[in-house]
Amino acid sequence: MDYSQFLAMKQEIGLLVVFLLVFLYDTFMPRSTQKGLPGFAAVMMLLLTAAGFCSCCLGASCQTSAFAGMYESSAVITAIKNILNIGVVIVLIQSIKWANSPAMAMRRGEFYELLLVTLFGMYLMISARHFLLFIIGLESASLPLAAMVALDKNRYESHEAAVKYILTAVFSSAIFLMGLSFVYGLTGSLYFKNIYFAINGQLSFLLVIAIAFVIGGIGFKLSLVPFHLWTADVYQGAPTSVTSYLSVISKGATAFAFLVVMAQVFGSVYSQVWEWMLYALIILTITIGNLFAIRQRNMKRFLAFSSISQAGYIMLGVIAFNAMGVAALMYYVLVYIFSNLAAFGVAGAIENACGKVSIDDYRGLHRSNPKLSFAMMLAMFSLAGIPPFAGFFSKFFIFTGAINGASTAIYVLVLIALINTIVSLYYYLLVVKAMYISEEESVVPSFRSALSERLGLWITVGGIIFLGIASCVYTSLLDVTDMSALNAYFIK
């Protein structure tokens, strides 16, 4: 074996270095310096992110392959990993106050170490071109999350959420592996490329069942309906920092991995099989997510159903099945990171200060905490897709990418998604109404949030505004995807 192949895994190696440094800090540094661990982890991830962007600028992210084609890296893959890193940095910054609280003193290091392990698994999912490596990445990204959900050992809801998550993860993995067994039986290979050419557009009943099982297994991670039932309970029971990581980073990584699997493995039967499967899933996911979000009064459950609906919009980038769809998906995930983490940042700051988690508690918030209200308003406007904020352009680009697809039925799907956007506008504005229009006295007292929480909100609010006016970001992503080897699998 040529060990020089590991050099192709530059970002994975960088992440492992960060993990080892955080582990050594947590293990050997004196107790008096342990409160510096969250800041140290955030700085290390920031350096890794900067290194990733530097490698893009220097052209070091060209197409490379390793381990007999099981692992692949390219400009698109590097870009999506950098986008995930941005979200992780924001999550780490926002979690500093919570991680340094007395309740987390003994488990502070575990949170950061488990988070980095899951991120490593997501890296492998994105770069995998063999299902064995993909499953290793999938399980590495899923199982540690159950421990992260259960980190708040003093709350029953946290234990319940962890049990629900791990049981659902186990069953979804079993379904996914069953689908892979059918695929292997049909093609005799687990390499993405070999399966693609073995199928070669030839349809069989067993292949349809296999694709349905694969979509079901990955759909759990994306919270697609009807694989979404764990989402609200887990989001509510998990610590807010873990919930924000689950709702953004995990979803973004899985969306891109899902695109790669469907294109490079089952792309030749796109219009015959899985295009129609995804039509049904997208319509159900967006509609049910929106309808259930209207009913929620708990902020974390509200954002959970909002994230389910957003997953449906993200899937429009997959079903577009073209380079514009890939660029739109990457841009949508980037905007979603800033928008959703802004909302979770405000919710986390209020929960850390006074324990309030109900939307009803946000009534009159602008009188007691105007800056937090402003940040939450921008987050809601962006998630709803109101111009000129970034969320409007992310939806515009993903709709544009979708209607450039090969099927005329996509126009009906986009129309349904547009109608659902109006529904989502209603429930996002309910939060704004509670903060700014309600005449009731503010339940949340005036307080000054921690520096780390303010820094996280400054970054997210800046991202929402900047991405709404900087068209160069989407243009750069489109240029990268136009040169991607993934284009060879798209139906022209």
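Structure: see above.
Computed from a predicted model, the values in this text were never measured in an experiment.

1. Details of the environment of Phe120
And then number 1: Inspection of the secondary structure puts Phe120 in helix H5 (residues 108-127).
And then number 2: Distance from Phe120 to Phe19, taken between C-alpha atoms, is 9.5 Å for residues 101 residues apart in sequence.

2. Structural notes on the side chain of Glu275
And then number 1: Along the chain, the position of Glu275 falls in helix H12 (residues 270-295).
And then number 2: Residue classification places Glu275 among the buried positions, given a relative accessible area of 2%.
And then number 3: At a separation of 2.7 Å, a polar atom in the side chain of Glu275 contacts the side chain of Tyr279.

3. Observations concerning the environment of Phe396
And then number 1: Checked against the element boundaries, Phe396 lands in helix H17 (residues 390-403).
And then number 2: Residue classification places Phe396 among the partly exposed positions, given a relative accessible area of 44%.
And then number 3: Separated by 227 residues in the primary sequence, Phe396 and Ala169 have C-alpha atoms spaced 33 Å apart.

4. Describing the nonpolar core
And then number 1: Among the nonpolar cores identified, the biggest contains 176 residues, and Phe266 and Trp274 are the most heavily contacted of them.
And then number 2: If one sorts the elements of this core by residue count, helix H14 (residues 323-354) sits on top with 20 residues.
And then number 3: Setting aside its immediate chain neighbours within four residues, Trp274 contacts Ile211, Ile215, Met262, Phe266, Gly267, Val269, Val318 and Phe321.

5. Focus on unusual backbone geometry
Most peptide bonds are trans, and most residues other than glycine sit at a negative phi.
And then number 1: Pro226 follows Val225 through a cis peptide bond whose omega is 10 degrees.
And then number 2: In this structure, Pro388 follows Pro387 across a cis peptide bond, with omega equal to 10 degrees.
And then number 3: Although it is not a glycine, Ala68 sits at a positive phi angle of roughly 55 degrees.
And then number 4: Summarising the element assignment, Ala68 is placed in the loop between strand E1 (64-66) and strand E2 (71-73).
And then number 5: Backbone geometry places Ser223, a non-glycine residue, at a positive phi of 60 degrees.

6. Looking at the packing of aromatic side chains
And then number 1: One pass over the structure, following the stated rule, counts 24 aromatic pairs.
And then number 2: An angle of 25 degrees between the planes, with centres 5.0 Å apart, marks the rings of Tyr25 and Phe40 as stacked. Here Tyr25 is found in helix H1 (residues 10-28), whereas its partner Phe40 is found in helix H2 (residues 37-57), with 15 residues between them in sequence.
And then number 3: Using a relative accessible area of 24% as the deciding quantity, one classes Phe40 as partly exposed.
And then number 4: Ring plane angle 85 degrees and centroid distance 5.0 Å describe the contact between Trp98 and Phe111, whose orientation is recorded as edge-to-face. Taken together, the positions of Trp98 in helix H4 (residues 96-99) and Phe111 in helix H5 put the pair 13 residues apart, joining distant regions of the chain. Here Trp98 matches Phe111 in class, with each residue buried.
And then number 5: Linked through ring pairs, Phe131, Phe134, Phe176 and Phe192 together constitute an aromatic cluster.

Basis of the calculations
- Residues numbered from 1 in each chain as written.
- Predicted model: local features only at pLDDT ≥ 70, side-chain atom pairs only at ≥ 80, totals over all residues.
- Heavy atoms only, no water.
- Helix = DSSP H or I, 4+ residues; strand = E, 2+ residues; numbered from the N terminus.
- Buried < 20%, exposed > 50% of the residue type's maximum accessible area, 1.4 Å probe, protein only.
- Polar contact = N/O pair within 3.5 Å; in protein donor to acceptor, adjacent residues only side chain to side chain.
- Core = buried A, V, L, I, M, F, W, Y, C linked by side-chain atoms within 4.5 Å.
- Contact = heavy atoms within 4.5 Å.
- Phe/Tyr/Trp six-rings, centres within 6.5 Å; stacked < 30°, edge-to-face > 60°.

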